[in-house]
Amino acid sequence: LNRHVVPVFWVAGDDHDFAESNHFHLISNTNEVERIELRSRPDDASAVPLYREKLGQDIVNVFDRVRALSPDTEFRDAQVERFTKHYVSERDVATAFAGAMAELLGEFGIVVFQPYVPEAKTAFVPILESALTKATAINEALIRRSHALQQAGHAVPVSVKEEHTLVMYEGSRGRDRVLLNGHGFNLRRSGETFSAADLLKVANTDYEKFSANVLLRPVTEAAVLPTVAYVAGPTEVLYWEQADAVFDAMGIARHPVLTRWSGHIVENRVEKTLEKYGLVLDDLSLPEGQLESRLVRENIPEELERALTAIRRTIDEQAPRVIEAAATIDPTLRKPTEHAQHNMLSQLEHIERKVVSQLKRRNEVLMRQVAAARAAIYPLQKPQERVINVLHYLIRHGPDYLNGVMRACQHWAAHLESPVSAE
């Protein structure tokens, strides 16, 4: 681009989805995917934003479980300490996360931005005021955009109704959506009402209570920071297709959206399993048991395999003749003989399943190794990057782990051309 660019990680600390942020996963000493949870929030609890949600003493139990489930490597204590100094009981969830991210990624030039601090909240007031005053026009644009996306067969991740605004306010029930109500506004959950003048006045005096929803957030980012491009995950890209309408309605210039990189961390033990059984990564995405069955089938004795194939071929070839011959004697015999053919084939399948099951028991090492590889690459049958926490890798591979990821990124980046114009 021939200009300096600073990568900024925007911490969505205004978000109130505690169920999404109250836990993480790691792989235990026994190769099980373990969920470690801070605590749960009752369904009827106030929707407190994450930057107001204190960690409390529960955080002590979290790291006790980490130590108990992780291998006692030479790196474990030091790497856990990198997190425990940020995740302390009196700190809130968002600030603890921001501190840990800044320490982990600061050396790579990444700036961590906390949009919920007073200085940032003040800067957002004009954008939020504009979103409120133009709420009707923004909604009309979003509804048109939603219809266009649906007609094109694209997903519409955020539902939009005529009474919606894109502004959130912390009322008596916590973070709540502001809705249009005649000439004023009301909050969706609590029902609190405001005149247009009163809400705009509150936005200037109690600005810390206001925030942008998921469609307004990228517009807010673009308005506050001089943005070259927005790097997004798969879900954010879908939001962006809707958010285009908000940029236009609010008169704020759009910038390109780039899909973030995605990859797999393949540890040595997993690589050895792949090589040993002649597998590729995609094989591990098969449903549990399916890959194992395929592998143990390779150990079925050839004589048994040939015999089963021959019997099945004979049934396929001869059973129709038996059915037709029986039907010429009495048409009512057709269904019983067809049923008999089906039963014979089912019995053969039952024998094969029994053989495979016995082979699985005899191949316990194979079963354990494949299960461990699957847990590492597709934990909970989901993409690795969506489940396994970075602490898992830091404990096992030490502080150079992130440098290794960077070296891999630099290798691939050397072969890329930037799609972003310098203009």
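For the structure, check the block above.
Small disclaimer: the values here were computed from a predicted structure and weren't measured.

### Concerning the packing of helix 3 (residues 76-84) against helix 15 (residues 390-397)
Packed helices, taken two at a time, are described by their axes: the angle between them and the distance between them. Running from amino to carboxyl end, helix 3 crosses helix 15 at an angle of 150°, the nearest separation of the two axes being 7 Å. Between helix 3 and helix 15, the angle is such that the two are roughly antiparallel. Helix 3 and helix 15 meet at a crossing whose hand is right-handed. Counting all contacts with helix 3, which are made through Arg76, Gln79, Val80, Arg82 and Phe83, the residues of helix 15 involved are Val390, Leu391, Leu394 and Ile395. Taken together, the residues of the contact of helix 3 with helix 15 sort by class into 6 nonpolar, 1 polar and 2 charged.

### Here we look at the pairing of strand 6 (residues 174-181)
Along a regular strand, successive side chains alternate from one face of the sheet to the other. For strand 6, the tally of buried residues reaches 6 of 8 residues, placing the bulk of the element in the interior. Where strand 5 (residues 164-171) meets strand 6, 5 bridges bridge the pair, whose relative direction is antiparallel. Across the sheet, the residue bridging to Tyr169 is Asp176, located in strand 6. Bridge count for strand 6 against strand 7 (residues 184-187) is 4 bridges, and the pairing is antiparallel. Within strand 7, the position partnered with Leu179 by the bridge is Asn186. Between the end of strand 6 and the start of strand 7, which pair antiparallel, lie 2 residues, with Gly182 showing a positive phi angle near 65°.

### Regarding the nonpolar core
By size, the foremost hydrophobic cluster in this structure holds 52 residues, and its most contacted members are Phe63, Val66, Phe83 and Tyr87. With 8 residues, helix 4 (residues 93-105) is the largest single contributor of residues to this core. Sequence-distant contacts of Val66, defined by excluding residues within four places in its chain, comprise Phe24, Leu26, Ile36, Val80, Leu391 and Ile395. The next biggest cluster of nonpolar side chains, apart from the first, holds 37 residues, and it includes Ala131, Phe185, Val219 and Ala232.

So, how was this worked out
Residues numbered from 1 in each chain as written. Predicted model: local features only at pLDDT ≥ 70, side-chain atom pairs only at ≥ 80, totals over all residues. Heavy atoms only, no water. Axes fitted to C-alpha atoms, helices over the stretch in contact; angles between N-to-C directions. Helix = DSSP H or I, 4+ residues; strand = E, 2+ residues; numbered from the N terminus. Parallel < 35°, antiparallel > 145°, perpendicular 65-115°, else oblique. Left-handed = near helix turned anticlockwise from the far one by under 90°. Contact = heavy atoms within 4.5 Å. Nonpolar A, V, L, I, M, F, W, Y, C, P; charged D, E, K, R; others polar. Buried < 20%, exposed > 50% of the residue type's maximum accessible area, 1.4 Å probe, protein only. Pairing = 2+ DSSP bridges. Core = buried A, V, L, I, M, F, W, Y, C linked by side-chain atoms within 4.5 Å.

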